Amino acid sequence: MTTTVQYNPPDYFLVDELLTEEHKIVRDSVREWVNREVKPVIEEYNQKHEVPIKLIKGLGEIGAFGPFIPQEYGGAGLDYISYGLIMQELERGDSGIRSAASVQTSLVMYPIYEFGSEEQKRKYLPKLATGEIIGCFGLTEPNHGSDPGSMTTRIYDKGDYYILNGAKMWITNATIADIAIVWAKDEKGIVRGLILEKGMPGFTQKETLNKWSLRASDTGELIFDEVKVPKSHLLPNIEGLKGPFMCLNSARYGIAWGAVGIAMECYDVALRYSLERYQFGKPIGAFQLQQKKLAEALTEITKAQLLCWRLGVLKNEGKCKHTHISMAKRNNVHMALTVARELRQVLGAMGITSDYPIMRHMMNLESVITYEGTHDIHLLITGHDITGIPAYRQ
Ligand code: TGC
Ligand code: FAD
């Protein structure tokens, strides 16, 4: 099916030449899906503050859930550059669509694959891969965001089951989720992961309303009031805070790529507009001040594309450290937000409408620069790595 969406992705340093044929096939097929299915409807969903369930289910059909999970568990068995390129294209559609894919893949399928029992893997992974069931990830609490190590959600051992009490807040996919990966401390204060299922008595899923950002994404609370969780729902192969952090590494990696997708689209839209819009008898792209915005945006996009490619190579080779990912997430999201803010101005008043995607991306990026570790926390992670001194706490 042909599409009327205009998109000429910038590739100033021929980064495409660094990709394999498989990478390009994967990227182009997701790009085509985004053009065909997401672009025509996504502004309306954002305006209505409504979750596009059909698109979220569609992510399963195109293989965007668990691209790097082995095929025997329903994944696509692709490498990490393919995973990154999928996230790049999805986020060009909307950060909410990429969020749904990130959470399902990195925060739900990954912990079940990495820390789950064989029975848990067989039970959940194939259905998560197709989108038959949707998952969410509960780490953040009302009083513990950047500092999840101080969480107060607790499990109490009652023999063949646990009792779970507490609450999680700001959870993507919270109300549409059939299962939730929930992180809680046991009686010894050790962080453990549990798989909760919708409808367990005492487990409530509640929507967070009135967001100005990620309006096409489901965000909400998970509340646990004396929830009886069978021990078979504990992730047996992980203990401690590094469990959720390992999941975050995978999701943050995807965000580093996704942010580049947004910046690429903002650049493409603004360049085209600058050549079509005339003021003072000239296209506005003829004025030096507008060229400065476009040239600086392209320079930053090019640097971020190369950073992602190298990050992907390191991840494929097993040499990628969580500190590499923090640097890339922080840099690329900030870059995309700066690019979106600058290039929205190229569109003048038209830039504030939903006729163009830039303002929506800009508002979404305010969440993206906050979740998965804030801009400042990622700076402190780099500071910790280079000095050996953690500045997060006294
Ligand atoms: P700290 O004492 O440094 O570490 C505790 C243990 O964890 C290990 N570790 C890691 N392991 C793997 N990967 C990482 N990135 C790791 N970072 C730390 C560490 O080695 C240690 O292990 P061990 O064996 O010695 O116990 O932890 P801390 O409590 O001092 O915290 C440090 C800090 C601030 C960097 C960390 O807490 C942090 O990253 N905070 C940000 C919280 C965050 O990112 N939350 C995200 C919630 S999920 C979300 O936002 C989903 S949005 C999804 C979407 O819609 O796309
Ligand atoms: P706080 O931790 O209260 O931070 C407030 C400010 O203080 C920030 O600027 C921060 O950088 C700064 N700050 C904090 N500590 C320090 C320090 N030591 N030094 C310097 N500055 C500091 N969480 C989940 O678990 N699952 C999800 O699916 C999920 N989805 C989300 C979806 C959306 C749309 C949003 C907005 C958030 C989501 N989150 C999710 C939560 C997100 O991860 C947290 O919002 C984030 O980690 C920051 O926590 P906080 O909002 O409590 O801010």
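Residues numbered from 1 in each chain as written. Chains lettered and ligands numbered in written order. Predicted model: local features only at pLDDT ≥ 70, side-chain atom pairs only at ≥ 80, totals over all residues. Heavy atoms only, no water.

### Points about the packing of helix H1 (residues 21-48) against helix H3 (residues 80-93)
To describe two helices that pack against each other, one gives the angle between their axes and the distance between the axes. Look at H1 against H3: their axes get within 8 Å of each other, and the N-to-C directions meet at 20 degrees. Put simply, H1 runs roughly parallel to H3. H3 is crossed by H1, and the crossing has right-handed handedness. Between H1, through His23, Val26, Arg27, Val30, Arg31, Trp33, Val34, Asn35, Val38, Lys39 and Ile42, and H3, the contact on the second element is made entirely by Ile81, Ser82, Leu85, Ile86, Gln88, Glu89, Leu90, Arg92 and Gly93. Taken together, the residues that form the contact of H1 with H3 break down as 10 nonpolar, five polar and five charged. (Axes fitted to C-alpha atoms, helices over the stretch in contact; angles between N-to-C directions. Helix = DSSP H or I, 4+ residues; strand = E, 2+ residues; numbered from the N terminus. Parallel < 35°, antiparallel > 145°, perpendicular 65-115°, else oblique. Left-handed = near helix turned anticlockwise from the far one by under 90°. Contact = heavy atoms within 4.5 Å. Nonpolar A, V, L, I, M, F, W, Y, C, P; charged D, E, K, R; others polar.)

### Notes on the packing of aromatic side chains
As enumerated under the stated definition, the model contains 12 aromatic pairs in all. With a centroid separation of 6.4 Å and 90 degrees between ring planes, the pair formed by Phe280 and Phe287 is classed as edge-to-face. Classification of Phe280 by relative accessible area gives exposed; the value is 79%. Counting every residue linked through ring pairs, the aromatic cluster contains Phe68, Tyr80, Tyr83, Tyr253 and Trp257. (Phe/Tyr/Trp six-rings, centres within 6.5 Å; stacked < 30°, edge-to-face > 60°. Buried < 20%, exposed > 50% of the residue type's maximum accessible area, 1.4 Å probe, protein only.)

### Examining the site of ligand 1
The environment of ligand 1 is formed by 25 residues, the closest being Thr172, Asn249, Arg252, Glu372 and Gly373. At a separation of 2.9 Å, an oxygen atom of ligand 1 approaches a polar backbone atom of Gly373. At 2.9 Å, a side-chain N or O of Arg393 approaches an oxygen atom of ligand 1. Protein contact buries 74% of the 1100 Å² of open area that ligand 1 shows by itself. Taken together, the elements giving at least two residues each to the shell around ligand 1 come down to helix H4 (95-115) and helix H6 (242-276). Ranked by the residues each element gives to the shell around ligand 1, the list is headed by H6, at six residues. Considered class by class, the residues forming the shell around ligand 1 number 11 nonpolar, nine polar and five charged. (Near = heavy atom within 4 Å. Polar contact = N/O pair within 3.5 Å; in protein donor to acceptor, adjacent residues only side chain to side chain. Areas by Shrake-Rupley, 256 points an atom, 1.4 Å probe, with all protein chains shown as cover.)

### Section: helix H5 (residues 118-130)
The end-to-end C-alpha distance of H5 is 19 Å, a good match for the 18 Å that 13 residues give at a rise of 1.5 Å each. Among the residues of H5, those classed as buried are Gln120, Lys121, Tyr124, Leu125, Leu128 and Ala129. Of the surrounding secondary structure, the elements contacted by the buried residues of H5 are helix H2 (53-61), H4, strand S1 (135-138), strand S4 (179-185) and strand S5 (191-197). Positive backbone phi, approximately 85 degrees, marks Gly131, located one or two places after H5. (Expected span 1.5 Å × (residues − 1).)

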